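# Structure assessment
If you want the building blocks of each chain, they are given just below.
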Protein chains: 2
Amino acid sequence: MSSVNFESKIHSMTAKNLTRTLILDIPKYVSDKVKIEGWVATRRDHGKLVFIDLADRSGVVQVVGDEKLSSLRPQFAVEIIGVVKKRPASMINKKIATGEVEVTVENFNILAKSKELPFDMGGEDLNLELPTLFDYRSLTLRYPKVKNIFKIQSYLMDGFRKAAQDLDCTEVFVPTISASSTEGGAEVFKLDYYGHEAFMIQSPQLYKQILVGVFERVFAISHAYRAEPSVTTRHLSESIQMDCEFGFVDFEQLLDYLEEVGKKTLKHVEEVGGDILYSFGVPKLKLPTRVPRLRLGEAQKIIKELTGVDHTKESDLDPQDEREISKWALKEYNSDLVTITHFPTKKRAFYTMPDPDDPEYSLSYDLLFRGMEILSGSQRINDYKALLAALKQNKLDPKNFEIYLQSFAYGMPPEGGFSFGLERMTMQLLRLANIREASLFPRDMERVDVRLTKIKKSKTAKK
Amino acid sequence: MSSVNFESKIHSMTAKNLTRTLILDIPKYVSDKVKIEGWVATRRDHGKLVFIDLADRSGVVQVVGDEKLSSLRPQFAVEIIGVVKKRPASMINKKIATGEVEVTVENFNILAKSKELPFDMGGEDLNLELPTLFDYRSLTLRYPKVKNIFKIQSYLMDGFRKAAQDLDCTEVFVPTISASSTEGGAEVFKLDYYGHEAFMIQSPQLYKQILVGVFERVFAISHAYRAEPSVTTRHLSESIQMDCEFGFVDFEQLLDYLEEVGKKTLKHVEEVGGDILYSFGVPKLKLPTRVPRLRLGEAQKIIKELTGVDHTKESDLDPQDEREISKWALKEYNSDLVTITHFPTKKRAFYTMPDPDDPEYSLSYDLLFRGMEILSGSQRINDYKALLAALKQNKLDPKNFEIYLQSFAYGMPPEGGFSFGLERMTMQLLRLANIREASLFPRDMERVDVRLTKIKKSKTAKK
């Protein structure tokens, strides 16, 4: 092994003459000198030999040097110049893409030091309690398995966008500040807007419907805010929704579209991120040509037959029901997806179209994936007068829906759409125990990055 | 012409047996019967003949029928069954893609009626005052030229995403609710967050920097909130930013990247939306291989030489300066873009890296496009202690930056990035007079869809 040179000026000069090689490309350069940059993942000292796992955005590689490498500690950002060498057959590491080579250090340069880590990040699992995971979020996100959650999330988003664009949807950007709390139900966050009362939107729903009148087919990536004062493993105070909305469509077409978008989105993730998926212990996806479709009542009957539990009088599926009917879909249709339709009209949002053949039930649907709802939507009421009546029946004030109603007053065709929850889908796909793990910086009633106990009380807080 | 049949059941039955043809595809079906769906754009009555321009998401076509078509009014959503006929050569309309054909109506079906329009939407221009444009936003967005603004906007976004992905950036989703007002300067919107004081982010800046520690290269589409109590043609209270951030980079690389992303984004728009661009009277884009780069001081000298106006003591370019230096770039380099670097350190955000050769000036940059800044960014301070010192020097409390500082405490390599304003870029590309025209539902200190005078006063409003 060559000697390690600590004269920093020389490092820099040498470094400047070499362009950076991404770690994933290193196996192409056996016997060559390369410059690599990245973070120290782990360091193992074996007497005079020191081994470093160095990680950059493309991968991880083993670096070998003498004891001077011992000055490097986990999370140091470093630049290393060294020679790529083939490993002896017995030393090949099949777990990583660069496992057939290693880099023998000639020079290195510390770009940024790191404090000592508060916990071990070199193991197979991080094994932290949730509060610690989020108290140290800027650090814990770097842990490969945590980081990979968000690689999958980015693939989900890409897959969704491609699927929506294939259906000719135009991307629209909807605001998050709204003049009224429009959907009722869940509590909303209030905002002081130039001395006036405004609200954070609970969903992009009303805007995307308006925009059907403009573009006919739209998709929106949007934030959604829910101020429910409850702590569950399934709810976030701020989340990302992926929405589609279509004009000139009927219920059957909507079902086709939602299943197509769901399947394409998931398929894309498996295509580009299959390795990560399987590393989470997730089985291969089963996305059949025809997704089974059941009315809520039919699903409840099947669940009753299979389990003896009678939920046929319930207005929705509970989490256990969702798991049972998904098991059934997998067994009977070899499908990870199942579409449930016709929820009771009363239980869905005011804009949901009642089934003309049985108005107690609505032209609504949920898509379940492996035991959890990941999508919800419906055919909408598109007739202006019917919509007004529905608002009133839901005790909502039409005055708060001025711009929304306007779009229906000026000719709104039959329309409908659906919405995926990005974190929900990430959670379910990777089998995470808590939806917070599927949000880079989760917001809930206990935390906004830091714990709320550290944050000033609001002057307006009176409950 | 065939007789128009008003028996609605028959219409529906007929309609059900025909699948919809998109208007843009109609010229392929000369002599065939087609079903088309869309909105009535205009109606012209010529005695017994009535002409309708029908628009769907794909285009517009002329429809001809007898006087029964007179029941249709602008913005009615309709389904029409008719036969595609070639127009005589003298009647060809070269302005539209379907101008060689028309559809002779056999049946039609009103899907949704429209109220009478409050203004004419059939002319070459809408010619409305801004308040009217936004009081009727759900309607005015349907006007072709207004709608096209947002087609261009969607292409800008697509172009940006592709360019960022080509540079290996991972898409990240950052929160909009924050525990502290972090960047200082512009006023912020306050939120009651479960009884605690929280804020709407002014930019995704701090989060994207944190995420360089995770993914090395990221991009984020994010909302940005500015509560400045000012009404200008360039500012919105809520806007969309397109951000990139890169680790292990130096200043020259950052300049290369920002220019590459800027050029690719614009190029994509011209490729897919050139027709719309030119319909706005916009000249072809001039995007040279090498974008001219000037230090602020150099730009000021050039402006002084060209105009006699001495702004060499100023810390930024004013709007007139931006126009002058862009004119210069076009003349001297045949470039619509010019990059300005080295703004005074004091005038940029605390995280901006001072130039080591002359710390009064910073490793910062703006990108100007045809006379207006569309992008801003810098190399950042990546050393933990230097960052702490910069916070203190800017009179910011490190306690409010806990999670941000954490990422620098654990090894942050040299990094930097930039941010495009989506509405700003849309406005400048299409030469709109006011940035509000480049936002689907603009928020400012006078309006949240409806005028603020219509909205309840906030209980917390005390100034």
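Not measured: the values here are computed from a predicted model.

Tallying secondary structure elements over chain A gives 11 helices and 21 strands in all. Dimensions of chain A along its principal axes, counting C-alpha atoms only, are 85 × 60 × 40 Å. The 463 residues of chain A split such that 51% are buried.

This part takes up the environment of D383 of chain B. Mapped onto the fold, D383 of chain B is located in the loop between β17 (372-379) and α9 (384-393). Remark: the alpha-carbon pair of D383 of chain B and M353 of chain B, spanning 30 residues in sequence, is separated by 10.0 Å.

All right, on to the environment of K162 of chain A then. Residues and elements named next belong to chain A. By the element assignment, K162 lies in helix α4 (residues 144-166). Given 14 C-beta atoms within 10 Å, K162 falls into the partly exposed group. Through-space distance from the C-alpha of K162 to that of I201 is 25 Å; in sequence the pair is 39 residues apart. Apart from residues lying up to four places away in sequence, K162 is in contact with K264 and H268.

Another point: the pairing of strand β9 (residues 196-200) of chain A. Residues and elements named next belong to chain A. Both strand β7 (residues 177-178) and β9 contribute to a ladder of two bridges, which runs antiparallel. Residue S178 lies in a different strand from β9, and its bridge partner there is F199. Relative to β9, strand β8 (residues 190-193) is paired through four bridges, and the arrangement is antiparallel. Bridging from a neighbouring strand, K190 pairs with F199 of β9. Counted between consecutive antiparallel strands, the loop separating β8 from β9 contains two residues, among which Y194 sits at a positive phi close to 50°.

Quick look at the nonpolar core now. Counting residues in each nonpolar core, the largest one holds 218 residues, and the members touching the most others are L54 of chain A together with L54 of chain B. Counting 32 residues, the second-largest nonpolar core is a separate cluster that includes A224 of chain A together with I177, Y193 and A227 of chain B.

Let us now look at the sheet that holds strand β17 (residues 372-379) of chain A. Picture the strands of a sheet paired through backbone hydrogen bonds; they go either parallel or antiparallel. Residue and element names in this part refer to chain A. Spatially, eight strands are ordered β6-β10-β11-β18-β17-β16-β13-β12 in an open sheet, and the strand pairing comes out mixed. The outermost strands of the open sheet, each flanked by one partner alone, are β6 (170-171) and β12 (293-295). Pairing between β17 and strand β18 (residues 415-421): five bridges, direction antiparallel. What sits directly across from S376, in β18, is S419. The sheet contacts of helix α6 (residues 251-279) involve β11 (238-247), β12, β13 (337-341), β16 (364-369), β17 and β18, and relative to β17 the element is tilted by about 150°. Contacts from helix α11 (residues 422-430) reach β11, β16, β17 and β18, with the element oriented near 55° to β18.

Let's shift gears to the domain arrangement of chain A. Examined at the domain level, chain A breaks down into domain 1 (8-112) and domain 2 (134-454). Placing the centre of domain 1 of chain A and that of domain 2 of chain A at their C-alpha centroids yields a distance of 45 Å.

Before going further, it helps to examine the relation of the copies chain A and chain B. Least-squares fitting of chain A to chain B yields an RMSD of 0.0 Å, with the superposition described by an axial translation of 0.0 Å and a rotation of 180°. The transformation just described matches what one would write down for a two-fold rotation axis. No C-alpha of chain A approaches the rotation axis more nearly than that of L191 of chain A, which lies at 2.4 Å. The residues that chain A uses at the interface reappear at the interface of chain B in 99% of cases, marking a shared surface.

Here we take up the sheet that holds β17 of chain B. All names here are of chain B. Pairing in this open sheet of eight strands is mixed, and the strands run β6-β10-β11-β18-β17-β16-β13-β12 from one edge to the other. Where the open sheet ends on each side, the last strands, each with one partner, are β6 (170-171) and β12 (293-295). As paired strands, strand β10 (residues 217-225) and strand β11 (residues 238-247) are joined by nine bridges and run antiparallel to one another. Within β11, the residue paired with V218 across the bridge is E245. Contacting β11, β12, β13 (337-341), β16 (364-369), β17 and β18 (415-421), helix α6 (residues 251-279) crosses the sheet at an angle of about 150° to β17.

Moving on, we get to the packing of helix α7 (residues 296-307) of chain B against helix α8 (residues 319-333) of chain B. Residue and element names in this part refer to chain B. Two elements in contact, α7 and α8, have axes separated by 10 Å at closest approach and are oriented at 85°. Classified by the interaxial angle, the pair formed by α7 and α8 is roughly perpendicular. On α8, the residues that touch A299, I302, I303, L306 and T307 of α7 are D321, E324, I325 and W328. Class assignment of the residues belonging to the contact of α7 with α8 gives a composition of six nonpolar, one polar and two charged.

Okay, α11 of chain A next. Residue and element names in this part refer to chain A. Within α11, nine of the nine residues are buried, which leaves the element mostly enclosed by the surrounding structure. Inspection of α11 places L422, E423, R424, M425, T426, M427, Q428, L429 and L430 among the buried residues, and these make up the whole buried set. Buried residues along α11 sit in contact with α4, β11, α6, β16, β17 and β18. A positive backbone phi angle near 60° is found at R431, which sits one or two residues after α11.

It is worth spelling out helix α5 (residues 205-215) of chain B at this point. All names here are of chain B. Counting buried residues along α5, 11 of its 11 residues qualify, which places the element largely inside the surrounding structure. For α5, the full list of buried residues reads Q205, L206, Y207, K208, Q209, I210, L211, V212, G213, V214 and F215. One or two steps after α5, the chain reaches E216, where phi turns positive at roughly 75°.

Moving on to unusual backbone geometry. In this model, Y194 of chain A sits at a positive phi of 50°, which is unusual for a non-glycine residue. Note on placement: Y194 of chain A falls in the loop between β8 and β9. Positive phi, close to 65°, is recorded for D449 of chain B, a residue that is not glycine. With respect to the helices and strands, the residue D449 of chain B is situated in the loop between β20 (447-448) and β21 (450-451). Its 26 C-beta neighbours within 10 Å are what place D449 of chain B among the buried residues.

With that settled, the discussion passes to the environment of T312 of chain B. Residue and element names in this part refer to chain B. Note that T312 resides in the loop between α7 and α8. Overall, T312 belongs to the exposed group, with 12 C-beta atoms counted inside 10 Å. Put simply, T312 and I302 are 10 residues apart on the chain and 9.6 Å apart in space, counted from C-alpha to C-alpha. What T312 contacts, discounting residues up to four positions off in sequence, is G297, Q300, K301 and K304.

Cut-offs and rules
All residue numbers refer to positions counted from 1 along the written sequence of the respective chain. Whichever chain is written first is A, and whichever ligand is written first is 1; the rest continue in order. For a predicted model such as this one, the threshold for reporting local features is a pLDDT of at least 70, and the threshold for listing and counting side-chain atom pairs is 80 or more; totals across whole chains, interfaces and linings nevertheless cover every residue. Secondary structure elements follow DSSP: runs of H or I of four or more residues count as helices, runs of E of two or more count as strands, with numbering from the N terminus. Buried residues are those with 20 or more other C-beta atoms within 10 Å of their own C-beta, exposed residues have 12 or fewer, and partly exposed residues lie in between; C-beta atoms are placed from the backbone. We call two residues in contact whenever the C-beta atoms placed from their backbones are within 7 Å. Any two strands are treated as partners once DSSP identifies two or more bridges connecting them. Note on definitions: a nonpolar core is a set of buried residues drawn from Ala, Val, Leu, Ile, Met, Phe, Trp, Tyr and Cys, linked by C-beta atoms within 7 Å. In this description, a line fitted to the C-alpha atoms serves as the axis of each element, helices being fitted only across the stretch in contact, and the angle between N-to-C directions of two axes falls anywhere from 0 to 180 degrees. How far each domain reaches was decided by an automatic or database domain assignment. The copies are overlaid by a least-squares fit using only the C-alpha atoms of residues whose pLDDT is at least 70 in both copies. Note that the term roughly parallel is reserved for angles under 35 degrees, roughly antiparallel for angles over 145, roughly perpendicular for angles of 65 to 115, and oblique for everything else. The nonpolar class holds Ala, Val, Leu, Ile, Met, Phe, Trp, Tyr, Cys and Pro. Asp, Glu, Lys and Arg form the charged class, and all remaining residues, Gly among them, are polar.

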